[in-house]
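Now for the letters of each chain:
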Amino acid sequence: MPRVKRGTVRRAKRKKLLARAKGFYQTKSKLYRAAKESVDTALKYAFVGRRRKKRDFRRLWVVRINAAARENGMSYSRFMLGLKNAGIELDRKSLAELAAREPAAFSKLAEKAKAAAAA
């Protein structure tokens, strides 16, 4: 088996990893082994975080819609049922934006939802 010398390849690999660990605390940004562990953990958390972000935003939107619906005398579930029955197909993101920025427009939607839920 031939002998392999990895001088420049090894250096480039380590340099790249230490660059990723820049700004980490103490030896985690200086020493290769500690930096590798920290970078691996950080990448794992980043992967999980990209999926969590979607859940977190949906929860936020639901909370905002619920608060606005209750101001208009409805629960979240009755409001969403009313919108579905009325044939209004707005997603939660845009409903939350309306609830936060355009309370008058949200109130009109709530009126339609209330009428459709009652019928």
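So, here's what we can say about the structure.

Cut-offs applied
Residues numbered from 1 in each chain as written. Predicted model: local features only at pLDDT ≥ 70, side-chain atom pairs only at ≥ 80, totals over all residues. Heavy atoms only, no water. Helix = DSSP H or I, 4+ residues; strand = E, 2+ residues; numbered from the N terminus. Contact = heavy atoms within 4.5 Å. Expected span 1.5 Å × (residues − 1). Buried < 20%, exposed > 50% of the residue type's maximum accessible area, 1.4 Å probe, protein only. Arc of directions from axis to C-beta.

1. Topic: the side chain of S38
- Structurally, the position occupied by S38 is in helix α2 (residues 32-71).
- If near-sequence neighbours (up to four positions away) are discounted, S38 is found in contact with F24 and K28.

2. Brief notes about helix α5 (residues 103-118)
- With 16 residues, α5 should cover 22 Å at 1.5 Å per step; its first-to-last C-alpha distance of 22 Å lies within 8% of that length.
- Along α5, the residues classified as buried are F106, L109, A110, A113, A116 and A117. Within α5, the buried residues cover an arc of 130° as seen down the axis, which keeps them to one side. Seen from the open side of α5, the exposed residues pointing more than 90 degrees away from its buried face are A104, K108, E111, K112 and A118.
- The elements touched by buried residues of α5 are α2, α3 (76-86) and α4 (92-101).

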